[in-house]
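Residue strings, one per chain:
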Amino acid sequence: MVPQTVWGKNLRALLSKHEWDVVRKAAYAASGNRCRVCGGRGPQWPVEADEGWEYDDETRTQTLKGIIALCPDCHHIRHWGKTMVDGHEEQAFALLMRINRWTRAQAEEAVAFAFDQWERRSRHEWDSDYSWVTRVHGFRPDAEGERRAEAANRELVDKAAERAGLFERETETRRFSNEWPAQPDPEPTIRMQRLTPSSILGYLQKLTNR
Ligand SMILES: [Zn+2]
């Protein structure tokens, strides 16, 4: 999972629309418009472009290693947080178990590990190395692209924070309506807490355990 501090900082934002179309269509063609993981195709559109990043926890650099074509179902697994928020988590678990021949417990352990890693990495800013796209396609992200990427990151983080806040409020409302007449809130500070990467993580984990 992509650390929160670099959400949205991807080639789609960094390149012009034409350049991004060239890059993603080359990836689709390279696998014959089929998913590189399962060989399948999506029902509405066959494949989507997925960026492969390598994370160096020492230098805090994410390095783009390439773009591959994935069917929408396999792509969901790569963006687990969004998949949960969108309500596709059970399908993603089923696919993860089938592809890796894992039990439910093994799949849950892998997801928990990925979340833990995501949380640790989301505490820091990361440098991004996009030189792959210059070597392979000759495109060079410019200052305008960097601004688009920064704006995309802010928008995604704000949206996640808003959803996390909404989830907290819904939980509170349900709790109070179940316990009528309402009891005094034993932990009034919880609702006041600032949203941090870990509270967004908590929100995502609550969705997993619901
Ligand atoms: Zn697939």
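All of the points below concern the structure found in this document. (Residues numbered from 1 in each chain as written. Predicted model: local features only at pLDDT ≥ 70, side-chain atom pairs only at ≥ 80, totals over all residues. Heavy atoms only, no water.)

## Quick notes on empty space enclosed by the protein
According to the stated counting rule, one finds one cavity of 30 Å³ or more in the structure shown. Volume-wise, the largest cavity comes out at about 30 Å³. If you trace the largest cavity, you find it lined by Asp-73, His-76, His-88, Gln-91, Ala-92 and Leu-95. For the lining of the largest cavity, the secondary-structure elements that each account for two or more residues are helix H3 (72–78) and helix H5 (89–100). Of all the elements, H5 adds the most residues to the lining of the largest cavity, at three residues. (1 Å grid on protein atoms, 1.4 Å probe; cavity = no way out; pocket = protein on both sides within 12 Å on 5 of 7 lines; lining within 4 Å. Points joined across faces, edges and corners; volume = space filled by probe spheres on them. Helix = DSSP H or I, 4+ residues; strand = E, 2+ residues; numbered from the N terminus.)

## A word on the nonpolar core
If you look at the biggest cluster of nonpolar residues, it comprises 22 residues, and the most contacted ones within it are Leu-11, Leu-15, Trp-20, Val-23, Ile-67, Trp-132 and Val-133. Among the secondary structure elements, those contributing two or more residues to this core are helix H1 (11–14), helix H2 (17–30), strand S1 (48–56), strand S2 (61–70) and helix H7 (131–137). Considering each element in turn, this core owes the most residues, four residues, to H2. Non-local contacts of Leu-15, meaning those with residues more than four positions away in its chain, are made with Trp-20, Val-23, Val-133, Phe-139, Pro-141 and Arg-148. Of all hydrophobic cores here, the second largest spans 17 residues; its members include Ile-77, Met-84, Leu-96 and Val-111. (Core = buried A, V, L, I, M, F, W, Y, C linked by side-chain atoms within 4.5 Å. Buried < 20%, exposed > 50% of the residue type's maximum accessible area, 1.4 Å probe, protein only. Contact = heavy atoms within 4.5 Å.)

## A closer look at the coordination of the zinc ion
At this site the zinc ion is bound by Cys-35 (SG), Cys-38 (SG), Cys-71 (SG) and Cys-74 (SG), with donor distances of 2.3 to 2.4 Å. Each of the four donor atoms bound to the zinc ion contributes to angles spanning 106 to 114°, and the resulting shape is tetrahedral. All donors to the zinc ion come from one chain, and their sequence spacing reads C-x2-C-x32-C-x2-C. A relative accessible area of 6% means that Cys-71 is categorised as buried. (Donors = N, O, S within 2.8 Å, 3.2 Å for Na, K, Ca; no water. Tetrahedral: all angles 85-135°; square planar, octahedral: opposite > 155°, others 65-115°.)

## Points about the packing of aromatic side chains
Enumeration over the complete set of coordinates arrives at five aromatic pairs. Between Trp-53 and Tyr-130 the ring centres are 5.9 Å apart and the planes differ by 75°, which places this aromatic pair in the edge-to-face class. In this pair, Trp-53 sits in strand S1 while Tyr-130 sits in the loop between strand S3 (127–129) and H7, placing the two residues 77 residues apart along the sequence. By the burial criterion, Trp-53 is buried, and Tyr-130 matches it. Aromatic side chains Trp-80 and Phe-93 sit 5.0 Å apart centroid to centroid with 80° between the ring planes, which places their arrangement in the edge-to-face category. (Phe/Tyr/Trp six-rings, centres within 6.5 Å; stacked < 30°, edge-to-face > 60°.)

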